[in-house]
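The chain contents come next:
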Amino acid sequence: MQNFRPVHQGLAERLACFHDEIKRDFDGINRLAIAIYDPETDLLKSFVDSSEGDNPFEHCVARLSELTPLATLARTGGRRVINDMVNHPASTPAHARKLIEAGYLSSYTVPLFHKGTFHGFVFFNSFQCGYFTPGVVQRLRAVAEVVSLNTIMELDAVRMIQAAVKTVRQISRVRDEETGAHLERMARYARLIALRLAPRLGLSDEWVELLFQFAPLHDVGKIAVPDQILFKPGRLTPEEFEVMKTHVAKGSEIVDTMADTFRIGGAPYVRVLRNVVAHHHEAIDGSGYPCGLSGDAISLEGRITAVADVFDALTSVRPYKAAWTTADAFAFLTEQSGKKFDPAAVAILKDNEAAIVDIQRQFAETPLD
């Protein structure tokens, strides 16, 4: 069986190609999907999917602890076959109903482990009742291993570039006010916005996850800003601000250097990272920097990161200011909507205050930040 890793294709595209390939031997597999797990928040997130029918779980997020059968598989490493979904006693009726409504009548679920760590699930679904016989399941083991391996390789590639950039950021972390908690919060605000924009714009769960992973790396170029400017407690002079603005170009240079070093310059995840770094200080009305881009000329990744970063900066304590209330931060974002900030991103953030409160509670500042 062939590995499904053409150079620089996104995982979703590779999975679709692989799905077409295995249909020669498994014509009853009508859906092949991967969900990944975030242990920080206990969230199981839809990631990539290849479906002949509707994708029942696009842009879906759920707490693994609330999905009892899947939580058991994650804990034990067991695999699950359901050959009659209509008559199977589902402990998560809403999820089972979505599959049945999309036409899927049987399923095979494989937990995704690597070096003893749980990373998510691979799901096989069929329109046929009773498709996953013991013989089919036995033959599918090799298929599941290939899908799992390629998923881990993709996640490792993302983590490799993420770790490289984070190493640079960690060096510079002692040189600016951004805390680990700030980066965790703003990443999740970015994901909150992206999840709700993605269905409107036809964007994938894979793209949402990449933005979540890379949003915290937006200010990597600050490592190149001189101490006397980065540490200055008061307002910067116009000349100093011009130097501060160079952190965007420096950050882009760092990303390009790393991409060239690892020979992954054309990978989809590198494009997402480039956009985050290059565009997070551009403004909708063209008044931002470094390029003075406006409107849709600014990447969506940059527009989302800008809103997420500014909102958390406003609502966080800094050496030079107290934390703003959420209401005051919303008022500022609203006033600047369509000027500095993307109106859709601002509106989504304002409409999800309960989720914001949950993120703030879970990733509150500590004395170690």
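Only a predicted model underlies this, so the values are computations on that prediction, with no experimental measurement involved. (Residues numbered from 1 in each chain as written. Predicted model: local features only at pLDDT ≥ 70, side-chain atom pairs only at ≥ 80, totals over all residues. Heavy atoms only, no water.)

## Points about the packing of helix α10 (residues 300-314) against helix α11 (residues 326-336)
Argument step 1. At a minimum axis distance of 9 Å, the contact between α10 and α11 shows a crossing angle of 140 degrees. In terms of axis orientation, α10 runs oblique to α11. As α10 packs across α11, the resulting crossing turns out to be right-handed. Every residue of α11 that contacts α10 at Val307, Val310, Phe311 and Leu314 is listed here: Thr326, Ala329, Phe330, Phe332 and Leu333. (Axes fitted to C-alpha atoms, helices over the stretch in contact; angles between N-to-C directions. Helix = DSSP H or I, 4+ residues; strand = E, 2+ residues; numbered from the N terminus. Parallel < 35°, antiparallel > 145°, perpendicular 65-115°, else oblique. Left-handed = near helix turned anticlockwise from the far one by under 90°. Contact = heavy atoms within 4.5 Å.)

## What to know about unusual backbone geometry
If a residue is not glycine, its phi is most likely negative; likewise, a peptide bond is most likely trans.
Argument step 1. Looking along the chain, the bond that leaves Tyr289 and enters Pro290 is cis, with omega of 10 degrees.
Argument step 2. Structurally, Pro290 can be placed in the loop between α9 (268-279) and α10.
Argument step 3. With a phi angle near 55 degrees, His59 is a residue other than glycine that sits in the positive phi range.
Argument step 4. Of note, His59 is situated in the loop between β2 (43-51) and β3 (61-63).
Argument step 5. Here Lys115, not a glycine, exhibits a phi torsion of approximately 55 degrees, which is positive.
Argument step 6. As for its position among the elements, Lys115 is in the loop between β5 (106-114) and β6 (117-126).

## A short note on the packing of aromatic side chains
Argument step 1. This model, assessed by the stated rule, comprises 13 aromatic pairs.
Argument step 2. Ring centres 5.8 Å apart and planes at 85 degrees place the aromatic pair Phe241 and Tyr289 in the edge-to-face group. Separated by 48 residues along the polypeptide, Phe241 in helix α8 (residues 238-262) and Tyr289 in the loop between α9 and α10 bring together distant segments of the chain.
Argument step 3. On the accessibility criterion, Tyr289 (11% relative accessible area) is buried. (Phe/Tyr/Trp six-rings, centres within 6.5 Å; stacked < 30°, edge-to-face > 60°. Buried < 20%, exposed > 50% of the residue type's maximum accessible area, 1.4 Å probe, protein only.)

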